[in-house]
Amino acid sequence: MVRLTTSLEKVFEVIKLLDDGSARTKGGDAIKLKEIFSKIANNKGENLDNYGFDFEVSITIKDGLVDVTVFDNSEEKKQAKVVANAFERSTYPMLLINEDGDVVCLNKKLRELLSLDFGPKLPKNLKWQDCFNLRQQKRLEYVLEKDRTIPETGVLVEMIFNCGIDECSLKIEKEYLEDGHILILFSDTSKVKKAKEATNYLKNHDSLTGLCNRTLFEESTKVMLKSPAFWPLTLILFDIDGLSKFNNMYSTEEGDLLLQRVAEHLQDSFSNGVLGRLGAGEFAVLLTRTTERKSYEAVKDFYLVFNKKLKELGYEVCVSYGLATKNDIDTSQNELYATAEGRLIRRKMLSSASNHSAYLTSLEEALRSRNAEDDSHSQRMRRLIVDFGYFIDLVPHQIDELELIAALHDLGKIGIPDSILNKKGPLTEAEWEIVKKHSEIGYYIASSIPELLPIAKAIYSHHEHWDGSGYPKGLKGKEIPFGSQVVAVIDAFDAMISNRPYRRQLSPEAALETIKQQRGKAFSPEVADNFIKMYVKGKRTS
């Protein structure tokens, strides 16, 4: 600030004061205040050049003297310039508008995001709408509504900008300034969003294979089960048999490589499905709008090809599977998983590489200890029944169940005394009644093992006759479980072509003739006819 005191007469010799803040000489030429007061200052030995061009002047008259005060505003202007530079160079996109929507200024970062071709100097009458596309305008209009309250955290809107190759979404914050202007700040949430997505990805995916973890997979299942648009929805469960043994034999690192190979092959085979790793060697696939039979067709290539690869690599493991399909609203998620898991375990029971095979092995050994002939009879029946299942085009889980029924249909003989079971010659009527109990005993044993519960009724009914003359319940026709119908034919055929203590074996042709004669009596006509066709066809092609 500069203060100059001089006489009133001296001032009026130089200047005539006007209300508008300018000055005129006696000759009427307009002169800037700075020039006038520079003259006054020079008369007093002062120099205003050091104060720049930005100043205000206050003139008061007291006791015949004129007090001239010059206020230097250059420092405030410098500070304003610093602020303007900071605004312009900020890494945050910023926009300043007035109450009428005119752009007061927008910084370099925002101009780059909007691909605007002008610099800090704005075009005349530039409205903020002129800077944004229609989609962006709608987002900003939402934020700029007069009564719109924006929380301290700002409001995240779907506002997309081209950020080089990628796109970024910005959070918008607004602030009303004292002069009535509105400051709009855009903060880039893309990095935060990407970091959050990365965290969520790690939270919801298996770190070893990159597949969905159990939590995410089950959530996906829950969503798809509720929407008919995804039905038929098929759940396929896979499990690596012998994984623990493999890790012990080689190493956990080699086991991890095996798991990654399984995951990669699943991704190749089921590229349109939802894939997950549920546990150590457990994997799962969801197939939408896929029937059970089509799902089995999709699994077939994976199952056969990949197990073959494992054997070629010398790995003593194989991959078992079980699947279930939801076709209507009545099937719950628990039911879908339980069905698929049950079928998986029954398949594993038939796999020598799986620990679950111990169930079947122990039961078969118990039978073998009572009657050695039953073991060879059971093995022959298993081969025949699997061939029959493929011949009539059953799906794999049905064939698995038939094979288990064939292996365990005489399970109840464990409870029959040796003296009766191994008796040479015909049985008495009382002894025969005891033998008949083996169906019921077998049923109770199978029912006590959850994995065998689905085949328990077939074990119970495998001596029922089509015409109702069988035992233990005297069931008739289609009242008899399908598995029992099949076992009845194949059991009788193998018994007829095998030597027994009380009679000689028959030729296959004679046995087939007997089955033909008993169709509609002891045997299901359909099953009997198909078995004869299969056997004759197999004999011709062998």
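Residues numbered from 1 in each chain as written. Predicted model: local features only at pLDDT ≥ 70, side-chain atom pairs only at ≥ 80, totals over all residues. Heavy atoms only, no water.

## Here's the deal with the overall build of the chain
Line of reasoning, step 1. A count of helices and strands for the chain gives 20 helices and 15 strands.
Line of reasoning, step 2. Looking at the 542 residues of the chain, the share that counts as buried comes to 44%.
Line of reasoning, step 3. Contacts in the chain between residues far apart in sequence, at least 24 positions, make up 55% of those at least 6 positions apart.
Line of reasoning, step 4. Accessible surface, the chain: about 30,700 Å² in total, of which carbon and sulfur atoms supply 50%. (Helix = DSSP H or I, 4+ residues; strand = E, 2+ residues; numbered from the N terminus. Buried < 20%, exposed > 50% of the residue type's maximum accessible area, 1.4 Å probe, protein only. Contact = heavy atoms within 4.5 Å. Areas by Shrake-Rupley, 256 points an atom, 1.4 Å probe, with all protein chains shown as cover.)

## Re a negative patch on the surface
Line of reasoning, step 1. Together, Glu 99, Asp 100, Glu 178 and Asp 179 make up a region of like negative charge exposed at the surface.
Line of reasoning, step 2. Tracing the backbone through its elements, the reader meets Asp 100 in the loop between β7 (94-97) and β8 (103-106).
Line of reasoning, step 3. Owing to a relative accessible area of 62%, Asp 100 belongs among the exposed residues under this scheme. (Patch = residues over 30% accessible without salt bridge, like charges linked within 9 Å, V, L, I, M, F, W, Y side chains within 5 Å. Salt bridge = Lys/Arg side-chain N within 4 Å of Asp/Glu carboxyl O. Lys, Arg positive; Asp, Glu negative; His and termini not counted. Charge placed at Lys NZ, Arg CZ, Asp CG, Glu CD.)

## Describing the nonpolar core
Line of reasoning, step 1. Within the largest apolar cluster, 42 residues are counted, with the highest numbers of intra-cluster contacts made by Ile 385, Leu 408, Leu 452, Ile 490, Ile 515 and Phe 531.
Line of reasoning, step 2. Sorting the residues of this core by element identifies α11 (333-349), α12 (357-370), α13 (372-391), α14 (396-408), α17 (453-460), α18 (482-496), α19 (508-518) and α20 (525-541) as the ones contributing at least two each.
Line of reasoning, step 3. Apart from the residues within four sequence positions on either side, Leu 452 is in contact with Met 349, Leu 363, Leu 404, Leu 408 and Ala 446.
Line of reasoning, step 4. Formed by 28 residues, the second largest nonpolar core is a distinct cluster that contains Val 262, Phe 302, Val 317 and Tyr 321. (Core = buried A, V, L, I, M, F, W, Y, C linked by side-chain atoms within 4.5 Å.)

## Looking at the packing of aromatic side chains
Line of reasoning, step 1. A complete count under the given rule lists 18 aromatic pairs for this structure.
Line of reasoning, step 2. Aromatic side chains Phe 270 and Phe 302 sit 6.2 Å apart centroid to centroid with 55° between the ring planes, which places their arrangement in the tilted category. Taken together, the residues span a long stretch of sequence, with Phe 270 in the loop between α9 (252-269) and β13 (274-277) and Phe 302 in helix α10 (residues 292-312) at a distance of 32 residues.
Line of reasoning, step 3. The exposure class of Phe 302 is buried, given its relative accessible area of 1%.
Line of reasoning, step 4. Centroid distance Tyr 303 to Tyr 321: 4.9 Å. Interplanar angle 75°. Geometry classified as edge-to-face. Of the two residues, Tyr 303 sits in helix α10 while Tyr 321 sits in strand β15 (residues 318-326), which places them 18 residues apart along the sequence. An identical accessibility class is assigned to Tyr 303 and Tyr 321; each is buried. (Phe/Tyr/Trp six-rings, centres within 6.5 Å; stacked < 30°, edge-to-face > 60°.)

## Quick look at the sheet that holds strand β14 (residues 282-287)
Line of reasoning, step 1. Spatial strand order, β13-β14-β12-β15: four strands in an open sheet with antiparallel pairing. Both outer strands of the open sheet, β13 and β15, are each paired with one neighbouring strand and no more. Across the sheet, the mean angle separating the axes of adjacent strands is 15° when strand polarity is ignored.
Line of reasoning, step 2. Packed onto the sheet, α9 meets β12 (233-241), β13 and β14 and runs at close to 10° relative to β14.
Line of reasoning, step 3. Against the sheet, α11 contacts β12 and β15, and its axis sits at roughly 150° relative to β15. (Pairing = 2+ DSSP bridges. Axes fitted to C-alpha atoms, helices over the stretch in contact; angles between N-to-C directions.)

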